[in-house]
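Letter by letter, the chains look like this.
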Amino acid sequence: MPEHEPYRLGVLVSGSGTNLQVIIDRIEAGEISAEIVCVISNKAGAYALTRAQAHGIPVIVHENINFSDRQSYDAETVSILRSYKVDLVILAGFMRILTDVMVNAFPHAIMNIHPALLPSFPGLHAQQQALDYGVRYSGCTVHFVDSGTDTGPIILQSVVPVEQNDTEETLSTRIQRAEHKTFIEAIRLFVDGKIQVKGRKVLIAS
Ligand code: GRF
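On a predicted model such as this, the values are computed, not experimentally measured, just so you know.

Draft legend 1. Layout of the domain arrangement of the protein chain. Splitting the protein chain by domain gives domain 1 (1–106) and domain 2 (112–206). Relative placement of domain 1 and domain 2: their C-alpha centres are 19 Å apart. Taken residue by residue, the interface counts 21 residues in domain 1 and 16 residues in domain 2. Across the domain 1 to domain 2 interface the summed buried area is about 1700 Å²; carbon plus sulfur atoms make up 70%. For domain 1, the biggest contributors to the area lost against domain 2 are Asn 19, Ile 32 and Leu 91; these three give 28% of the whole.

This is the structure in structure tokens:
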């Protein structure tokens, strides 16, 4: 018998949803004790929505055009997530910065994946930033979200080599392969109750 009901995940997306797809697949394979109860997109045409619908997951298009500021947009996001009784929020390519309204509603229960080894190269075009800087290694970071841009406590990171002839596209593809594994591992640690946050540090039980 599991000690508690499966965690209820709410996944926020803006784009293609390859990370979402891997999470769906690993849950369906019984490798993660969780259920995706809703997928919310700020973009009506996001392919991630099609992926969710193909698996019978409720989808919500939540665009920002009707909201005067970021706080009121986030307040509505919180109310949607609460209506689905979400315990863990997953940002899987959600291209908006969250305000305190979201962060305070789900303390240490919002995870993001970033395509670089933070604190290097936060924000947009992280892969191009890495190429422009000339680093030999980049990678991905799964972290809890705070109200900064890609600044929250780091859960897991994976290192990916940068090749001399890489373009933004080839490096992004290589990093995404690492993202898919790293995100799954971080979600699994969370739902298995193995993560504890102490200040900036995330402690992982063995
Ligand atoms: C990923 O590269 C992730 O690091 C970034 O957005 C991208 C989402 O890709 N935050 P996908 O929509 O999961 O394919």
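Draft legend 2. Seen up close, the sheet that holds strand β3 (residues 59–61). One open sheet accounts for 7 strands, arranged β3-β2-β1-β4-β5-β6-β7; its pairing is mixed. Lying at the two open borders of the sheet, with one neighbouring strand each, are β3 and β7 (154–161). In this sheet, neighbouring strand axes are inclined to one another by 20 degrees on average, regardless of whether the strands run parallel or antiparallel. Where strand β1 (residues 7–13) and strand β2 (residues 34–41) come together, 7 bridges link them in parallel fashion. Pairing of Leu 12 across the sheet is with Ile 40, part of β2.

Draft legend 3. Structural context of the packing of aromatic side chains. For the coordinates displayed, the defined rule picks out 4 aromatic pairs. Centroid distance Phe 67 to Tyr 73: 5.5 Å. Interplanar angle 85 degrees. Geometry classified as edge-to-face. Judged by its relative accessible area of 25%, Phe 67 is partly exposed. Between Arg 82 and the ring centre of Phe 106, over which it is positioned, the NZ or CZ distance is 5.0 Å.

Draft legend 4. Geometry of the side chain of Asn 19. Position of Asn 19 relative to the elements: it lies in helix α1 (residues 18–28). Residue classification places Asn 19 among the buried residues on the basis of a relative accessible area of 7%. Sequence-distant contacts of Asn 19, that is, excluding residues within four places in its chain, are made with Ala 92, Ile 113, Gln 176, Glu 179, His 180 and Phe 183.

Draft legend 5. Spotlight on the pattern of salt bridges. Within this structure, the stated rule accounts for 3 salt bridges. One salt bridge in this structure joins Glu 31 and Arg 26, with 2.8 Å as the shortest N-O distance. Judged by its relative accessible area of 28%, Arg 26 falls in the partly exposed class.

Draft legend 6. Just the site of the ligand, in detail. Near the ligand you find Ser 16, Gly 17, Thr 18, Asn 19, Gly 93, Ile 113, His 114, Pro 115, Gln 176 and Glu 179, and these make up its full shell. With respect to the ligand, the side chain of Ser 16 contributes an N or O atom lying 3.5 Å from an oxygen atom. Among the elements of the structure, α1, β5 (110–114) and α6 (168–191) are those that each provide at least two residues to the shell around the ligand. For the shell around the ligand, the class distribution of residues is 2 nonpolar, 7 polar and 1 charged. Inspection of the shell around the ligand shows a minimum of three residues originating in each of domain 1 (1–106) and domain 2 (112–206).

Draft legend 7. Spotlight on the nonpolar core. In terms of nonpolar packing, the biggest core is built from 66 residues, with Ile 36, Ile 90 and Met 111 touching the most fellow members. With 10 residues, the top contributor of residues to this core is α6. Looking at which domains feed residues into this core, each of domain 1 (1–106) and domain 2 (112–206) supplies at least three. Setting aside residues no more than four positions away along its own chain, Ile 36 makes contact with Leu 9, Val 11, Leu 20, Ile 23, Ile 24, Ile 27 and Ile 57.

Conventions used here
Residues numbered from 1 in each chain as written. Predicted model: local features only at pLDDT ≥ 70, side-chain atom pairs only at ≥ 80, totals over all residues. Heavy atoms only, no water. Domains from an automatic or database assignment. Contact = heavy atoms within 4.5 Å. Buried area = accessible area lost by both parts, 1.4 Å probe. Pairing = 2+ DSSP bridges. Helix = DSSP H or I, 4+ residues; strand = E, 2+ residues; numbered from the N terminus. Axes fitted to C-alpha atoms, helices over the stretch in contact; angles between N-to-C directions. Phe/Tyr/Trp six-rings, centres within 6.5 Å; stacked < 30°, edge-to-face > 60°. Buried < 20%, exposed > 50% of the residue type's maximum accessible area, 1.4 Å probe, protein only. Lys NZ or Arg CZ within 6 Å of the ring centre and 35° of its normal. Salt bridge = Lys/Arg side-chain N within 4 Å of Asp/Glu carboxyl O. Near = heavy atom within 4 Å. Polar contact = N/O pair within 3.5 Å; in protein donor to acceptor, adjacent residues only side chain to side chain. Nonpolar A, V, L, I, M, F, W, Y, C, P; charged D, E, K, R; others polar. Core = buried A, V, L, I, M, F, W, Y, C linked by side-chain atoms within 4.5 Å.

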